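Structure assessment
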Amino acid sequence: MKAALKKITWTLIVFCTWQSTKGQSNLSKKQRPNIVYIMSDDHGYQAISAYGYGLNKTPHIDRLAKEGILFTRATVTNSLCAPSRAVLLTGKHSFVNGKVDNEARFNWNQDNFAKQLQQHGYQTALIGKIHMDGLPQGFDHSAVLIDQGEYYNPNFIIDGTKKELKGYVTDLTTDMAIDWIKNRDPEKPFCLLYHQKAPHREWLPALRHLSTYTGMTIPEPKTLFDNYTNRGTAARTAEMNILKHMNWAGDNKIPPTLMDELGIKEYLSWDKAAFNNNLGRMTPAERASWDSVYNPIMEAFKKNYASMNDKELMRWRYQRYMQDYLGTVAAVDDGVGRMLDFLKANGLDEHTIIVYTSDQGFYLGEHGWFDKRFMYEESLRTPLLVRYPAEIPAGTVSDALVQNLDFAPTLLDYAGVAAPKDMQGKSFRKLASGKEKKWRDVIYYTYYEYPSIHMVKRHYGIRTNRYKLIHFYYDTDEWELYDLQKDPEELNNVYNDPGYADTKR
Ligand code: SGN
Ligand code: CA
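These notes cover the structure that comes with them. (Residues numbered from 1 in each chain as written. Chains lettered and ligands numbered in written order. Predicted model: local features only at pLDDT ≥ 70, side-chain atom pairs only at ≥ 80, totals over all residues. Heavy atoms only, no water.)

Structural notes on the overall build of the protein
The secondary structure content of the protein amounts to 16 helices and 14 strands. Relative to the globule expectation of 23 Å for 505 residues, the C-alpha radius of gyration of the protein, 22 Å, shows essentially globular dimensions. When its C-alpha atoms are laid out on the principal axes, the protein stretches across 70 × 60 × 40 Å. Sorting the 505 residues of the protein into buried and exposed places 62% on the buried side. Restricting the contact set of the protein to residue pairs at least 6 apart, pairs at least 24 apart contribute 68%. Element-wise, carbon and sulfur atoms account for 51% of the exposed surface of the protein, whose accessible area totals about 19,300 Å². Charge-centre separation for the protein: the mean point of 63 positive side chains lies 4 Å from the mean point of 61 negative side chains. (Helix = DSSP H or I, 4+ residues; strand = E, 2+ residues; numbered from the N terminus. Rg over C-alpha atoms; globule rule 2.2 N^0.38 Å. Buried < 20%, exposed > 50% of the residue type's maximum accessible area, 1.4 Å probe, protein only. Contact = heavy atoms within 4.5 Å. Areas by Shrake-Rupley, 256 points an atom, 1.4 Å probe, with all protein chains shown as cover. Lys, Arg positive; Asp, Glu negative; His and termini not counted. Charge placed at Lys NZ, Arg CZ, Asp CG, Glu CD.)

In structure tokens form, the structure reads like this:
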């Protein structure tokens, strides 16, 4: 495997892409399909009911699986927000497009698939979170959040001008997405990037969903109390444990005054400020609805806190986390439902490719964690569902190792536009329709944002159908090898196991 990793690294570094470019399709301009690319932020596949984890219900996102294809092993090349978006746009790995972490500046002057579509007669729009500075290029219209954006009464930059909107971010994003389609030029095909901020931290649900999950007990993952034995330093030193590293006020919604009363100390210096800033955006009426749901939860916590041991506290914090996380997912799902209904009511459902995905996966308590970044499965994978009845048989399930690197060439392929030769991904159009069975058997991953929040060490690696090899570097030099068939939860690093000496090579 090490030889394979070396080979892949070099192949990619010298830009030898294996993208097979196709000629222009002979579809006439009128027949070219529309594209609605829906991407949420930090939406782990475990929180989509079509994936079968039983945590919540997402009936509208599930419709895409019923009527199209569900990918069970779609992955990202770098499990972080802005880098993932750069890969989506450019079809190139982070070390080629330059956006290696959330801090690096994205060069909008480079080519991207939206620019390509524009040049080939598509009208294009970007609505929602993009997490990159500068006016987006490649879009006839953009309405984007600033940085991470806000949940309640958020600010948007609409075609370069800042505006504060009234309402809930997920609903506003959906409204603007639908309005843009309504007001488009019906003579031209369109491509809409409809990007939700939710369910990103700090997980603030729409008012109508505040109590959707608060009365429920969400099932715990098997590894909630993981103690990170049999793995390397990176898993042990990462700061994303729900018990130890989650914000009490900002994340779990314990009012700062109650924290003081109970003697709970901030772990991050902006914990209390996050709570005050987020809730401070609400109108008094909105705040009253909030208080009516959260006050009783906090009253009960106040009574029990002194007697809770670490295990009980972990369980309580996990429930708080998941109740709010799933609450924010509910509005994302409502939005997908509204979009699907709108497309259908306007005769656009047959001729529009609809993609649902996330910028990466997320830990929903697995290994005791929240957040992402690691090349371990929950954050390496991302949900991916595609509906396009003209080509994709309803109810298809694929375990192919597709990546977000493939999105740009795939969407260009559907539009009949040849992908630029330097794009590194590969169109999965034929794979989705069932015309092609053969697919890549290895993927490459990189992660660079360290030292930084959550302290996940820099690493890169490869994953095949059965194995995963990771190298952590920078202030360490450690290898990890997982046999995903025997150890799907990645609890046992077999890198030094003599039984795997051949696999390693
Ligand atoms: C914020 C969050 C982190 C998160 C990063 C990146 N902290 O810094 O938990 O990993 O964003 O997320 S917070 O306390 O400020 O919410 S990303 O999705 O944009 O990459
Ligand atoms: Ca994200």
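A few points about helix H11 (residues 284-304)
A rise of 1.5 Å per residue sets the reference length of H11, with its 21 residues, at 30 Å; its end C-alpha atoms lie 29 Å apart and thus fit the reference within 8%. Listing the buried residues of H11 in full gives Glu286, Trp290, Val293, Tyr294, Ile297, Met298 and Phe301. Check the buried side of H11 and you find it contacts helix H9 (256-262), helix H10 (271-280) and helix H12 (310-345). (Expected span 1.5 Å × (residues − 1).)

As for the sheet that holds strand E5 (residues 155-158)
Sheet architecture is open: 10 strands sit in the order E6-E5-E4-E3-E7-E1-E8-E9-E2-E10, paired in mixed fashion. Two strands bound the open sheet, and with one partner strand each, they are strand E6 (161-164) and strand E10 (396-398). In this sheet, neighbouring strand axes are inclined to one another by 15° on average, regardless of whether the strands run parallel or antiparallel. Note that strand E1 (residues 34-40) and strand E7 (residues 190-195) share 5 bridges and pair parallel. Counterpart to valine 36 in the pairing with E7 is leucine 192. (Pairing = 2+ DSSP bridges. Axes fitted to C-alpha atoms, helices over the stretch in contact; angles between N-to-C directions.)

Focus: unusual backbone geometry
Here the amide bond leading from alanine 198 into proline 199 is cis, since omega sits at -5°, within 30 degrees of zero. Note on placement: proline 199 falls in the loop between E7 and helix H7 (233-237). Note the cis peptide between tyrosine 450 and proline 451, where omega equals 0°. With respect to the secondary-structure elements, proline 451 resides in the loop between strand E11 (442-447) and strand E12 (459-464). Even without being glycine, aspartate 42 reaches a positive phi, approximately 70°. Its location among the elements puts aspartate 42 in the loop between E1 and helix H2 (59-67). Look at aspartate 42 and you get buried, because its relative accessible area is 0%. Although it is not a glycine, asparagine 153 sits at a positive phi angle of roughly 45°. Tracing the backbone shows asparagine 153 in the loop between strand E4 (141-145) and E5.

Regarding the site of ligand 1
Neighbouring ligand 1 are 17 residues; Cys81, Arg201, Asp371, Arg373 and His454 lie closest to it. Between an oxygen atom of ligand 1 and a side-chain N or O atom of histidine 131, the distance comes to 3.2 Å. Measuring from an oxygen atom of ligand 1, one finds a side-chain N or O atom of histidine 454 at 2.6 Å. Surface burial for ligand 1 is 88%, taken as the share of its 460 Å² of free accessible area covered by protein chains. Of the residues assigned to the shell around ligand 1, the class counts are 4 nonpolar, 5 polar and 8 charged. (Near = heavy atom within 4 Å. Polar contact = N/O pair within 3.5 Å; in protein donor to acceptor, adjacent residues only side chain to side chain. Nonpolar A, V, L, I, M, F, W, Y, C, P; charged D, E, K, R; others polar.)

Things to note about the packing of H11 against H12
Two numbers describe how H11 lies on H12: the axes approach to 13 Å, and their chain directions differ by 175°. Between H11 and H12, the interaxial angle falls into the category roughly antiparallel. Counting all contacts with H11, which are made through Tyr294, Ile297, Met298 and Phe301, the residues of H12 involved are Leu313, Trp316, Arg320 and Asp324. The residue makeup of the contact of H11 with H12, split by class, is 6 nonpolar, no polar and 2 charged. (Parallel < 35°, antiparallel > 145°, perpendicular 65-115°, else oblique.)

So, the coordination of the calcium ion (ligand 2)
Listed as protein donors to the calcium ion (ligand 2) are Asp41 (OD), Asp42 (OD), Asp359 (OD), Asp359 (OD) and Gln360 (OE1); their distances from the metal cover 2.1 to 2.8 Å. Relative to the metal, the 6 donor atoms surrounding the calcium ion (ligand 2) lie at angles of 50 to 172°, and the coordination shape comes out irregular. Positions of the donor residues of the calcium ion (ligand 2), expressed as sequence spacing, correspond to D-D-x316-D-Q. Residue aspartate 42 is found in the loop between E1 and H2, and its partner glutamine 360 is found in the loop between strand E8 (352-358) and helix H13 (377-380); the two are separated by 318 residues along the sequence. For glutamine 360, a relative accessible area of 0% gives the class buried. (Donors = N, O, S within 2.8 Å, 3.2 Å for Na, K, Ca; no water. Tetrahedral: all angles 85-135°; square planar, octahedral: opposite > 155°, others 65-115°.)

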